[in-house]
Amino acid sequence: MVPPVEGVAGGGTAYGWDDVSLQNQSSLRGSIDPCRVPSSELVHVWCMPSTANVGPQETPRPLEHVSLLAARNERESMQIAIRPKVSWSGSRSAGIVQIQCTDLCSISGDRLVIGQSVTLRHVVPILGVPDALVPIDMPVAQINLLPGETTSIWVSIDVPSTQPPGQYDGEFIVTATKTDAECATQFLGKSEKYQVYRELRNCYDAIEHIDGKPVEEVVERVKSAATTLRRVLLSPSFSDFYSENGPPDMMDEDANLSIRLKLSLTVWNYVLPTTPSLPAVIGISDTVIEDRFGVEHGSAEWYNALELHFKWLLQYKISPYFCKWGNSMRVLTYTSPWPAEHPKSDEFLSDSRLAAYAVPYSPVVPSGDLAKDYLQKEVEILRSKSHWKKAYFYLWDEPLNVQQYDSIRHQASEIHTYAPDARVLTTYYSGPSDAPLAPNNFEAFLKVPGFLRPHTQIYCTSEWVIGNREDLVKDIIAEIQTEKNEEWWTYVCMGPSDPHPNWHLGMRGTQHRAVMWRVWKEGGTGFLYWGANCYEKATVASAEIKFRRGLPPGDGVLFYPGEVFSSSHEPVASLRLERLLSGLQDIEYLKLYSSRYGRNEGLAILEKTGMYLGPERYTVDHNPIDMMRGEIFRTCRS
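Residues numbered from 1 in each chain as written. Predicted model: local features only at pLDDT ≥ 70, side-chain atom pairs only at ≥ 80, totals over all residues. Heavy atoms only, no water.

**Some words on the overall build of the protein chain**
Convention followed: Helix and strand assignments follow DSSP, with helices taken as H or I runs no shorter than four residues and strands as E runs no shorter than two, numbered in order from the N terminus. Working definition: with a 1.4 Å probe on protein chains only, accessible area under 20% of the residue-type maximum means buried, over 50% means exposed, and in between means partly exposed. Residue contacts are defined here by distance: any two heavy atoms, one from each residue, within 4.5 Å place the two residues in contact. Residue-level accessible areas treat just the shown protein chains as cover; the underlying method is Shrake-Rupley with a 1.4 Å probe.
For the protein chain, the count of helices and strands is 18 helices and 25 strands. Here the protein chain holds 638 residues, and the buried ones make up 50% of them. Sequence separation of 24 or more characterises 73% of the internal contacts of the protein chain that already satisfy a separation of 6 or more. Carbon and sulfur atoms make up 52% of the accessible area of the protein chain, which totals about 29800 Å².

Here you go:
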């Protein structure tokens, strides 16, 4: 337990609070040299599952060996939590810790390489809630700890689809250390540093411009550089690291001072499909990109920015689409910003990681020649491609009245004139308000498919409508004519709210992951989310992220611009985006199990493990997730 915090929990009862179990038993006093004191006396280190929200007041737990399970072509994640016991830095921080990670190796010599398959990211709070996953240096990272606060490192292991099955072992090494400035001050005076600098500069100058030089001159320059380097290495400044017997063995000293966390990963022989079994289509606002990054619509920089976002999001097994909002919730959606005839368009749409793609109803980048007969030409080209089966049209978001429903009918009729097999997707949470379809709201909601048929093929309904009444799902599905290739998808937006699964900031980790559990249990064949980058408008890439007023914090935002946290242009994922990926991967496990033993058994394993029983009854603990995955591994690995 943590001491109650006045004004947050306890109302002042922190005065006189005492608990022997949490008292700092360290006898360290005064100035502390982390290079001479075991790190275990300076910091707590322990592990947490990927579903844990590790906040600054997270209390220490015992350090235990970590065992994970992953299929091939799967990402599995965990967290390393670090909390200072004392302060050893002369600055306002508690101190610096260095984190190293070894490759994960099997007894047969196969590896999961650090920096490629194994990555580390710093969990950064947003509005005080742990959410942004900021990349850190590999293979050695330095993290600044604050007094009395817990810091979390997110560890992800991406298993290639060709990785040989087996057990892979490695370790993380956490070492309390000094800042670079403190180390430099301790070991080298200013005059010594200048001397080393001059020597190394002379060495660099000797070999900088050797291209095109005669061989004899190159040899002489290399010999001169080697002589200089040898003189530097043998200087008194580096005497601690050199002797006649060679460099000292640092491993024993490191082992005594560092905290070592062992990790075992079991890779089994199931390969998650490259194309996700369930299409999860998620919108990216092109307007937000244009405003924040200062790129003009249709410019070369605009195309580059969209391509960067598209390719980055594919790693999360989702199918991105770009969108531009019009009046009355009319929306222009497209997965490829290029026309269908452009080679880049075929590259985007044929990517095997893409489960579904949006076809624009009108030109994305308008031009006089392109606008004429645009839709007919686009459809004719796309229908000739093997990827056409992934295509859909998303024309209007949540129509509310007869006029808007008629607009969908009109646009869909034109589309079906050119492509009778085209799929039109419509999101809705009610029937038209000015033409009641039934005596009550839910019955009117059930009548929407009949009202829109045959102009819609994918009926995408809000989970908010269902609430905690899962029995209503049967009524909804009964209205869908699957024999005519109609589908039922779902979506979350502002609602449903707590305790139902959603991706709002501050919800529990299992609540984020359960969004996809709910989809699978209810029998939906697809999922839509309205926006992944829909924060408030800004005209500078590095501007502070502000969530849109009137929306629950985090709604419509699943990643952040990299420029907010560093000089990197690569987007920064949220914890919620990682948990979305984990949920999609859980679906693949459940689908495999159901293919072996039937869907009823797949539903039963959710209940048997206690992982998910309904929108208000799911685990808040990570153990049932491991139980589900472990049982499927045990029964399906052969």
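**Here we look at the sheet that holds strand S15 (residues 331-334)**
By definition, the strands of a sheet pair up through backbone hydrogen bonds, in either a parallel or an antiparallel sense. Cut-off, in case you're wondering: Pairing between strands requires that DSSP locate at least two bridges from one strand to the other.
On the basis of which strands lie adjacent, the open sheet formed by 9 strands has the order S15-S14-S13-S21-S20-S19-S18-S17-S16 and mixed pairing. Of all strands in the sheet, those with a lone pairing partner are S15 and strand S16 (357-358), marking the two edges. Pairing between strand S18 (residues 424-428) and strand S19 (residues 458-462): 4 bridges, direction parallel. For Tyr 428, the partnering residue across the bridge sits in S19 and is Thr 461.

**A short note on the nonpolar core**
Note on soluble globular proteins: their nonpolar side chains tend to be buried together. The following threshold applies: Throughout this description, the term nonpolar core refers to a set of buried Ala, Val, Leu, Ile, Met, Phe, Trp, Tyr and Cys residues connected via side-chain atoms within 4.5 Å.
Residues Trp 268, Phe 393 and Ile 632 are the most contacted members of the largest nonpolar core, which totals 81 residues. Broken down by element, the residue count for this core peaks at 9 residues, all from helix H16 (residues 575-597). If sequence neighbours within four positions are ignored, Phe 393 has contacts with Val 359, Pro 360, Leu 375, Val 379, Trp 388, Ile 415, Ala 422, Arg 423, Val 424 and Leu 425. By size, the runner-up hydrophobic cluster in this structure holds 40 residues, among which are Val 43, Ile 82, Cys 101 and Ile 143.

**Things to note about the confidence of the model for the protein chain**
Heads up, the rule is: Each residue carries a pLDDT value, the predictor's own confidence for that position, ranging from 0 to 100.
Across the protein chain, the average pLDDT comes to 89, with 89% of residues at or above 70. Counting interchain partners and residues more than four positions distant, the pLDDT-below-50 stretch residues 246-253 has 5 contacts.

**Remarks on the sheet that holds strand S1 (residues 43-49)**
This is how the line gets drawn: Simply put, an axis is a line fit to the C-alpha atoms, just over the touching stretch for a helix, and the angle between two N-to-C directions goes from 0 to 180 degrees.
Spatially, S1-S3-S10-S7-S8 is the arrangement adopted by the 5 strands of the open sheet, whose pairing is antiparallel. With one partner strand each, in any of the chains shown, S1 and strand S8 (129-135) form the two edges of the open sheet. Neighbouring strand axes in the sheet, compared pairwise and without regard to direction, differ in orientation by 30° on average. Pairing geometry for strand S3 (residues 74-84) and strand S10 (residues 151-159), over 9 bridges, is antiparallel. Bridge pairing links Met 78 to Val 155 in S10. Where H16 meets the sheet, it contacts S3, strand S7 (118-126), S8 and S10, and its direction lies at approximately 140° from that of S3.

**Let's talk about unusual backbone geometry**
In the segment running from Arg 453 into Pro 454, the intervening peptide bond is cis, with an omega of 5°. In this fold, Pro 454 is placed in the loop between helix H12 (448-452) and S19. In this model, Gly 495 is joined to Pro 496 through a cis peptide bond whose omega is 5°. Along the chain, the position of Pro 496 falls in the loop between strand S20 (487-492) and helix H15 (509-522). The phi dihedral of Lys 317 falls on the positive side, at around 60°, and the residue is not glycine. Relative to the helices and strands, Lys 317 is located in the loop between helix H6 (300-314) and strand S14 (319-325). The phi angle at Asn 485 is positive, at roughly 65°, despite the residue not being glycine. The exposure class assigned to Asn 485 is exposed, which follows from its relative accessible area of 63%.

**Here's the deal with the pattern of salt bridges**
Going by this rule: Salt bridge, as used here, is a side-chain nitrogen of Lys or Arg placed within 4 Å of a carboxyl oxygen of Asp or Glu.
Summed over all chains, the structure comprises 33 salt bridges. Between Glu 487 and Arg 423 there is a salt bridge; the shortest N-O distance is 2.7 Å. Pair noted here: Glu 487 is in strand S20 and Arg 423 is in the loop between helix H10 (402-418) and S18, with a separation of 64 residues, a long-range link. Like Arg 423, Glu 487 is buried. Salt-bridge contacts for Arg 518 lead to Glu 522; the nearest nitrogen and oxygen are separated by 2.7 Å. Taken together, the positions of Arg 518 and Glu 522, both in helix H15 and 4 residues apart, correspond to about one turn of that helix. Each of Arg 75, Arg 121, Asp 158 and Glu 578 takes part in one network of salt bridges that share partners.

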